[in-house]
Structure formats: structure tokens, C-alpha cells
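Structural overview
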Amino acid sequence: MRQLSPSFHLDPLTALSATQETLRSGLYALLVEGAATHLEISRDDIDGTVHTEADGMPSLLLFDTTLGGAGNVIRIGEHLEPVVEAALARVGGCECGPERSCYACLRTFRNERFHELLSRGEAVALLDALAGRSTS
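Quantities reported herein were computed from a predicted structural model and do not represent experimental measurements. (Residues numbered from 1 in each chain as written. Predicted model: local features only at pLDDT ≥ 70, side-chain atom pairs only at ≥ 80, totals over all residues. Heavy atoms only, no water.)

**Topic: the pattern of salt bridges**
Within the structure shown, the criterion is met by one salt bridge. Note that R43 is salt-bridged to D47, the shortest N-O span being 3.6 Å. On the basis of relative accessible area, D47 is assigned to the buried category, the value being 14%. (Salt bridge = Lys/Arg side-chain N within 4 Å of Asp/Glu carboxyl O. Buried < 20%, exposed > 50% of the residue type's maximum accessible area, 1.4 Å probe, protein only.)

**Here's the deal with the packing of aromatic side chains**
Applying the stated rule across the entire model yields one aromatic pair. The positively charged end of R24 is found above the aromatic ring belonging to F114, 3.9 Å away from the centroid. (Phe/Tyr/Trp six-rings, centres within 6.5 Å; stacked < 30°, edge-to-face > 60°. Lys NZ or Arg CZ within 6 Å of the ring centre and 35° of its normal.)

**Notes on the environment of V124**
Topologically, V124 is positioned in helix α5 (residues 120-130). Dropping the residues within four chain positions of it, V124 is found in contact with L88, V91 and G92. (Helix = DSSP H or I, 4+ residues; strand = E, 2+ residues; numbered from the N terminus. Contact = heavy atoms within 4.5 Å.)

**Concerning the side chain of S101**
Tracing the backbone through its elements, the reader meets S101 in the loop between α4 (80-92) and α5. Reaching out from S101, the side chain makes a polar contact with the side chain of R107 at a distance of 2.9 Å. Looking at S101, its side chain comes within polar contact range of the main-chain oxygen of L118, at 3.4 Å. Excluding its chain neighbours within four sequence positions, the residues that come into contact with S101 are C96, L106, R107, H115 and L118. (Polar contact = N/O pair within 3.5 Å; in protein donor to acceptor, adjacent residues only side chain to side chain.)

**Quick notes on the nonpolar core**
Ranked by size, the top nonpolar core spans 30 residues in total, and within it L27, A29, L60, I76, L106 and L127 carry the most contacts. Among the elements that make up this core, the one with the highest residue count is helix α2 (residues 20-38) (seven residues). Those residues within four positions of L127 in sequence are excluded, and the remaining contacts are G26, A29, L30, V84, A87 and L88. (Core = buried A, V, L, I, M, F, W, Y, C linked by side-chain atoms within 4.5 Å.)

**Considerations on the confidence of the model for the chain**
On average, the chain scores 81 in pLDDT, and the residues at 70 or more come to 85%. Taken as a whole, residues 1-7 scores under 50 in pLDDT and shows 23 contacts with residues more than four places along the chain or in a different chain. (pLDDT = per-residue confidence, 0-100.)

**Describing the packing of α2 against α4**
Following both chains from N to C, one finds α2 and α4 inclined at 110°, their axes separated by 8 Å at the closest point. Put simply, α2 runs roughly perpendicular to α4. α4 is crossed by α2, and the crossing has right-handed handedness. Contacts from A29, L30, E33, G34, A35 and H38 in α2 reach P82, V83, V84, A86, A87, R90 and V91 in α4. Across the contact of α2 with α4, the residue classes tally to nine nonpolar, two polar and two charged. (Axes fitted to C-alpha atoms, helices over the stretch in contact; angles between N-to-C directions. Parallel < 35°, antiparallel > 145°, perpendicular 65-115°, else oblique. Left-handed = near helix turned anticlockwise from the far one by under 90°. Nonpolar A, V, L, I, M, F, W, Y, C, P; charged D, E, K, R; others polar.)

**What about the state of the cysteines?**
Within the structure shown, the criterion is met by zero disulfides. C94 takes part in no disulfide bond, and the closest cysteine sulfur to it belongs to C102, at a distance of 3.4 Å. Look at C94 and you get buried, because its relative accessible area is 13%. C96 supplies the cysteine sulfur nearest to C105, a cysteine that is in no disulfide, at a spacing of 3.7 Å. (Disulfide = S-S within 2.5 Å.)

**Thoughts on α5**
Three or more residues of α5 are buried, namely R120, A123, L126, L127 and D128. Immediately beyond the C-terminal end of α5, within one or two residues, lies G132, with a positive phi of roughly 85°.

Below, the structure written as C-alpha cells:
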């Protein structure tokens, strides 16, 4: 059984303008680079999805994949700012084009079915919004 976490709700302006590409790219940047790398959580112990609430607003739902939950998502929430900053540093510094992704920034075996949707530039845009930075 997976332990579900509260979702990370996006502010309405970000949520309304976010595409599936933006949401998925930001999600995997948070999971792969931010949480797994910065908090030293095994990438196999956390996962997430893009969830649309009843009111139509999207959110990022992160969850522990270990039996009974290990509290990793709680740690991510408690350290969200440095997790976002670590994700920004890794994704922002990658050498692949901003409209693409690669195994050095966003792609993993686990998210293989979404590879064509993942964009390094879209991940940076969402992470900037989560960090409270203007993207204009």
C-alpha cells in the first residue's frame, strides 16, 4: 500500500496557464533532481502524478512507494524550498535544448512513457513559479 501525501497546489495563475508538458516536466524535476538528489531519497521510494481536482485545478500529487510509507513526501514538503532550488540548479544547468529533455535532467526509465512530453524549459518555468519568481 502506498502512503498518499497532500498534493502541492499551484497558485491559480500558474495552474490555469500550465500545460501537461509543464506539469509533468516540473513534477519529474522535483522528484528526480530535487527530492532524490537533494534529500538523498532513493528515486524508487517516491513517485508522483499530475492530478486534476474537482474544481478543475491541477496539482502535483507526490507519494511514497515504500510499503507503509517512509515519510519521504513529508520530508519533501518540509524542505520544499531547497528541493525546488536543487531541481532548478540541475535542470537549468543541463546542456540539452530547453524544449527537450534527456537522461541527465528529466528522463528516467520510470517516466519513459512521458519522455516526449518532458521539456527542460517547461520544468524551469514551473519551478520558478513554485519558488515565487516571475517568469515574465
